[in-house]
Amino acid sequence: MPSPATDYSKTKISLQRVWVLLLSAVLLGGCSTVYYKTMEKFGYEKRDILVDRVEDARDSQNDAQETFRSSLERFQSVVDTPDTELKEQYAEISDAYEDSLASAEEVRDRIDKVEEVAEDLFDEWEDELSLYESASLRRNSEQQLKETRVQYGQLISRMHDAEDRMEPVLQAFEDQVLYLKHNLNAQAIGSLENELVSIRQDVDSLIRNMEQSIAESEAFIQRFRQGG
């Protein structure tokens, strides 16, 4: 009977093989075909990869909600305490802006990855319809394809709506950072307060859209899991 140490060693070697193969796919020019074939060897089909990427996009939007909300609070705290060290206040809102920017980039990257694998999945599904011998099974599969495309279309549209709403918030944050950088004085901080009212409305709208996008993601993931 193999020892626990032996089992661990075999598992470690197997995981190393996965990473070596995936790295090879990247080095071969990021060819998606090589990537998919590599993943299939380990039991991951395109549908599994798509669900994983939708989950990643959902998680990144969850994180982005908290980051934007936290950043707004940090901007507000600076405006509410104009008598503290001005350079420290500038550093605080500059860091908050950078956090929001990084979070937005993560959301965009995750959405791009969802679109990439979804397009490949639907193309493969469409091509494989011709392989059916049974006309009734082919019709059922075609119907499932149409329904899945509709749900995916709603999902990716909602994701892009939330993505688009990040830009004006980021721009408003950047404006405040630049203004404070160029005018390091208490009057400059006080003058930002009115702008924060508008930014708060934009952040609230952004968070509502992200919540809707996350709900769409959950529904899409559930559909695929039930069909799997």
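This text follows the structure it describes.
A short tour of the structure in this document, coming up. (Residues numbered from 1 in each chain as written. Predicted model: local features only at pLDDT ≥ 70, side-chain atom pairs only at ≥ 80, totals over all residues. Heavy atoms only, no water.)

## A look at the overall build of the protein chain
- Of the regular secondary structure elements, the protein chain holds seven helices and zero strands.
- When its helices and strands are written in sequence order, the protein chain yields α-α-α-α-α-α-α.
- Looking at the 228 residues of the protein chain, the share that counts as buried comes to 36%.
- Once local pairs closer than 6 in sequence are excluded, the contacts in the protein chain between residues at least 24 apart make up 78%.
- With the model as given, the accessible surface of the protein chain reaches about 13,300 Å², and the carbon-plus-sulfur share is 48%. (Helix = DSSP H or I, 4+ residues; strand = E, 2+ residues; numbered from the N terminus. Buried < 20%, exposed > 50% of the residue type's maximum accessible area, 1.4 Å probe, protein only. Contact = heavy atoms within 4.5 Å. Areas by Shrake-Rupley, 256 points an atom, 1.4 Å probe, with all protein chains shown as cover.)

## Quick notes on the nonpolar core
- Counting 48 residues, the largest nonpolar core has L50, V54, F68, F75, Y152, F173 and V203 as the members making the most contacts within it.
- Listing elements by their share of this core, those giving two or more residues are α3 (46–80), α4 (86–128), α5 (135–182) and α7 (193–227).
- Top element by residues in this core is α5. It accounts for 13 residues. (Core = buried A, V, L, I, M, F, W, Y, C linked by side-chain atoms within 4.5 Å.)

## Some remarks on the side chain of S213
- Here S213 shows up in helix α7.
- When its relative accessible area of 0% is taken as the criterion, S213 is described as buried.
- One polar contact links S213 to Q61, side chain to side chain, over a distance of 3.1 Å.
- In this structure S213 touches Q61, L155, R158 and M159, once residues within four positions along its chain are discounted. (Polar contact = N/O pair within 3.5 Å; in protein donor to acceptor, adjacent residues only side chain to side chain.)

## Some details on the packing of aromatic side chains
- Considering all chains together, one arrives at five aromatic pairs under this definition.
- Look at Y152 and F220: their rings are 6.1 Å apart centre to centre, the planes differ by 55°, and that puts the pair in the tilted class. Placement of the pair is Y152 in helix α5 and F220 in helix α7, with a sequence separation of 68 residues.
- For F220, a relative accessible area of 0% translates into the label buried.
- These aromatic residues form a ring-pair network of at least three members: F122, Y152, F220 and F224. (Phe/Tyr/Trp six-rings, centres within 6.5 Å; stacked < 30°, edge-to-face > 60°.)

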